[in-house]
Amino acid sequence: MPREIVTIQSGHSANYVGTHYWNAISQYYNQNLSSDFDDSVLYRLGEANNETTYTPRLVIVDRKGSLGTLKKYGDLYPTTQSNPADMWDGKVDKFEAELIPKNNFLKGLDDSNVDRARINSEDIQTWSDFNGIYYHPNTIFELKSYLHEDTTNQFNYFTQGKNTYADLDFLNELMDDKVRKFLEECDSCQGFQIFATTDDGFSGLTSSMIEYIREEYDKKSILVFGINESSSYLETSMVNHRVQQVNQSLFLHSMRECEALYVPLHIPNTKDLDNTAWSLMLKSNFSSMYERTALVAAGIESLTLPLRLKESSNRLDMRDLHTLAFSTRYSNVSSLAMGVPHMSESEEYNLSSKSNDLNLGWIRDLTLECKFPDITEEQQAWSMFRGFEDAISHQNVELSDIHRVNQDWKDYINSAFPTNANSKNLTFSTPFLMSPSFPQFFKSNINQYGLISQKECEGVVQSFPFMVNLHNGHSLNTLFKKMLSNISFHQSETTLKNDYQQGTFGIDSSEWDEMKEYFVSLVEE
C-alpha cells in the first residue's frame, strides 16, 4: 500500500536545508542504490513531453525574489500561464529584468557537455544556486508582499506571519491550489513533513499553515523541523537576535495545539566548532549558509530514511515517530543529535570505538546546542547508524579481522545506546552520499570514504558514515528554560511588546502570561 508524504518548505533557511535534502536523496538514484526505497513516498508520477517524470510532492514558500535562476513554474512542464498584458488593448511598455547567470553546476544540469564542477560556497547567493532537481509547476509559491533581502520592509515577527496568512488569499492560492492538490493525488497519505524557518516572520505564517492542516486533515501525522540560527550566531543586532528567539518560543508554543512532532534544529556555525570533538573532521571556515545547512539536511535525511524504505525490519511510518512524541509526559517536542564517527583508515586509530569511557563527544545535539546528553531509560529514543560497515570495508584491515572490527563497533553502539522498551537502534548499510552540490567541508586529511587519514588526501569526499539520535525527555528542560527566558525577557521590554501587538493576530498581555505558564509547567515537569 502506498505511504505517501507531502512535504512543505517555508522560509529561506528552510529552503537551504530542503534543497540539500532533495539533492541528497537524488544520489541514491544517480548511483543506482534506490532499490531499497519506495519512490511513491516522496515523489509523484507524472508525464512531460511524452516521458515519465518523478517530481517531489513538495510545496516551497519563500519571499519574492528568492528564486534566483529558478523559474517559478520550473523547466520540466510547459507553462500555460496567461499574460495579463494580453487582455489590455492599450499601449504596453515591456520591461524585462536581466537574467541571472547560472553557475557551472546549474549549466551542467542543462548541458551534459558542461563540466559540473563542485560548487564553491562563494558562488551561492540563494538556495536555487545549488538545486539539482526539477519541480512540479505547483511547487513554488512566492510571498509577494515581502521581497528577498529587502531592508525597508522586513518580515521579522511571528505576528507578521500570522497577519500575512490572514490578509492574503492563502487558503485558495496556497493551501487549496497547491497543498490540497498534491494530497488529493495520494492513495494513502501518511502525513506531512514540514521544514520551517522559525526565527523570522515565516514562524507565524507556517504556524497558521500547520493549524489549517491539523483542522482539515486531523488523522494525518505531522512532522515539523524548525530551522533556527545558532544562538552563538550574532551577525544581526542584539534587538533582532531577541526577536528571533521570541519567534522560536512562539512557534514552539503554537505546536502544542497541532499535535505535531516538533524537532527544533539550530544551524551550527564556526563559533560552535570543537576541534577536539564533534567537528574534529570539519574545516574551520564553516561559515556560509550553504555549508552550515548541509549538516542539518544530512541529519534530517538520515532520520527520515526509514520512512522511505520498502518492506524491511528498519521501515518506519510517521505514526511510529509520533509514538515517540506522545508516549512520554514531557511534550510533543523532540531533540535531534547527529555525528560523523571518528573512524580511521587504520583500524587501530578508530578514535570513537576505542574510547573506554564511551565518550560521545563526536555527536552534537542540534536542538540543545550542546554535546550529546545522557539518555535515561525513562526517555524515548531511537537511533539510526548508517554506513559503518561500508566504512570498515575500506579500512586497512585484514579480511579475517573485518568481522571482529564490525563487532567492536556493534559492542560500542550497544553500550553507548542501550536498547530497551523505550528505545531502538536501526542500521542501514549505505553511508551518507555526498552529491556534487554538497559542500566539501571536511579537512584535507579525510579520504573519499569519510575516514581519517594520516596524510593529505587527493580528490573529494564522496560518502561518510553517519548517525542520528532522536530523543524526548528531561534533557529538553534546557530548551524549555531557554524558551521561558525568551518570553520573560519580552514581557519586560515595552518596545518588543508593542511590535508583537500589531494587527489582527497581535498578542496581548494575557496571552503572554498564558505562554509563560505553559513553559513554566514544562520546566517543572
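Small disclaimer: the values here were computed from a predicted structure and weren't measured.

(A) Region of the structure containing the overall build of the chain. Helix and strand counts for the chain come out as 13 helices and 16 strands. By sequence separation, contacts in the chain at least 24 residues apart represent 80% of the contacts at least 6 residues apart. As displayed, the chain has an accessible area near 23000 Å², and 46% of this comes from carbon and sulfur atoms.

(B) The nonpolar core, seen in detail. Judged by nonpolar contacts, the single largest core of 74 residues is most densely connected at Trp127, Phe225, Ile227, Leu265, Ile300 and Phe442. Setting aside anything within four residues of it in sequence, one finds Ile227 in contact with Ser13, Ala14, Val17, Ala196, Thr197, Thr198, Asp199, Leu265, Ile267, Val296 and Ile300.

(C) Representation of the side chain of Ser208. With respect to the element layout, Ser208 can be found in helix α5 (residues 202-216). With a relative accessible area of 6%, Ser208 lands in the buried category. Those residues within four positions of Ser208 in sequence are excluded, and the remaining contacts are Lys162 and Tyr165.

(D) Expanded view of the environment of Arg386. On the secondary structure map, Arg386 appears in strand β12 (residues 380-386). Accessibility expressed as a relative area gives 0% for Arg386, which makes it buried. It is 6.2 Å that separates the C-alpha atoms of Arg386 and Met467, two residues lying 81 residues apart in sequence. Not counting chain neighbours up to four residues away, the residues in contact with Arg386 comprise Tyr28, Glu301, Ser302, Leu305, Phe428, Thr430, Pro431, Phe432, Pro465 and Phe466. Among the polar contacts made by the side chain of Arg386, one reaches the side chain of Tyr28 at a distance of 2.6 Å. A distance of 3.1 Å separates a polar atom in the side chain of Arg386 from the backbone oxygen of Pro431.

(E) Representation of the sheet that holds strand β13 (residues 423-428) in the model. Strand order in the open sheet made by the six strands is β11-β10-β9-β16-β12-β13, with mixed pairing throughout. The strands lining the two open edges of the sheet, one partner per strand, are β11 (370-371) and β13. One ladder, built from seven bridges, connects β12 with strand β16 (residues 466-472); its direction is antiparallel. Paired with Phe385 across the two strands is Met467, which belongs to β16.

(F) Here's a closer look at the packing of helix α1 (residues 12-30) against helix α7 (residues 289-304). Two numbers describe how α1 lies on α7: the axes approach to 8 Å, and their chain directions differ by 55 degrees. Here α7 runs oblique to α1, going by the angle between their axes. Here α1 and α7 pass one another in a crossing that is right-handed. The segment α1 lies against α7, with Ser13, Tyr16, Val17, His20, Tyr21, Ala24, Ile25 and Tyr28 engaging Met289, Tyr290, Thr293, Ala294, Val296, Ala297, Ile300, Glu301 and Thr304.

(G) Focus on empty space enclosed by the protein. The tally for this structure, following the rule as stated, stands at four cavities of 30 Å³ or more. Taken as a whole, the largest cavity encloses approximately 80 Å³ of empty space. Along the walls of the largest cavity sit Trp278, Met281, Leu282, Leu295, Met338, Gly339, Val340, Trp362, Phe442 and Phe466, which together make up its complete lining.

(H) Geometry of the pattern of salt bridges. Applying the stated criterion across every chain yields a total of 17 salt bridges. For the salt bridge of Asp38 with Arg3, the shortest nitrogen-to-oxygen distance reads 3.9 Å. Within this pair, whereas Asp38 is found in the loop between α1 and β2 (43-48), its partner Arg3 is found in the segment before β1 (5-10), the two being separated by 35 residues in sequence. Of the residues examined, Arg3 reaches a relative accessible area of 6% and is grouped as buried. What emerges from the salt-bridge pattern is a single network uniting Arg3, Asp38, Arg315, Asp317 and Arg319.

(I) Highlighting the environment of Thr126. Topologically, Thr126 is positioned in the loop between α2 (104-110) and β5 (140-147). Remark: the alpha-carbon pair of Thr126 and Gly65, spanning 61 residues in sequence, is separated by 9.8 Å. Beyond its immediate stretch of four places on either side in the chain, Thr126 contacts His12, Tyr16, Ser66, Leu67 and Gly68. Of the polar contacts made by the side chain of Thr126, one reaches the backbone oxygen of Ser66; its length is 2.8 Å.

(J) Fine view of unusual backbone geometry. Non-glycine residue Glu149 carries a positive phi angle of around 60 degrees. Note on placement: Glu149 falls in the loop between β5 and α3 (158-167). Looking at Glu149, the relative accessible area reads 65%, which means it is exposed.

(K) Local environment of the pairing of strand β6 (residues 191-197). Within β6, seven of the seven residues are buried, leaving the element largely enclosed by the surrounding structure. Of the strand pairs in this sheet, β1 and β6 are connected by six bridges, and their pairing is parallel. By the bridge assignment for β6, Ile5 is matched with Gly191. Here β6 pairs with strand β7 (residues 221-229) via seven bridges, running parallel.

(L) Here's a closer look at the side chain of His266. Tracing the sequence through the fold places His266 in strand β8 (residues 261-267). In this structure the side chain of His266 is engaged in a polar contact, spanning 3.3 Å, whose partner is the backbone oxygen of Thr367. Look past the residues within four positions of His266 in its chain and what remains in contact with it is Asn228, Glu229, Ser230, Gln248, Val296, Leu366, Thr367 and Glu369.

Reading the values: the criteria
Residues numbered from 1 in each chain as written. Predicted model: local features only at pLDDT ≥ 70, side-chain atom pairs only at ≥ 80, totals over all residues. Heavy atoms only, no water. Helix = DSSP H or I, 4+ residues; strand = E, 2+ residues; numbered from the N terminus. Contact = heavy atoms within 4.5 Å. Areas by Shrake-Rupley, 256 points an atom, 1.4 Å probe, with all protein chains shown as cover. Core = buried A, V, L, I, M, F, W, Y, C linked by side-chain atoms within 4.5 Å. Buried < 20%, exposed > 50% of the residue type's maximum accessible area, 1.4 Å probe, protein only. Polar contact = N/O pair within 3.5 Å; in protein donor to acceptor, adjacent residues only side chain to side chain. Pairing = 2+ DSSP bridges. Axes fitted to C-alpha atoms, helices over the stretch in contact; angles between N-to-C directions. Parallel < 35°, antiparallel > 145°, perpendicular 65-115°, else oblique. Left-handed = near helix turned anticlockwise from the far one by under 90°. 1 Å grid on protein atoms, 1.4 Å probe; cavity = no way out; pocket = protein on both sides within 12 Å on 5 of 7 lines; lining within 4 Å. Points joined across faces, edges and corners; volume = space filled by probe spheres on them. Salt bridge = Lys/Arg side-chain N within 4 Å of Asp/Glu carboxyl O.

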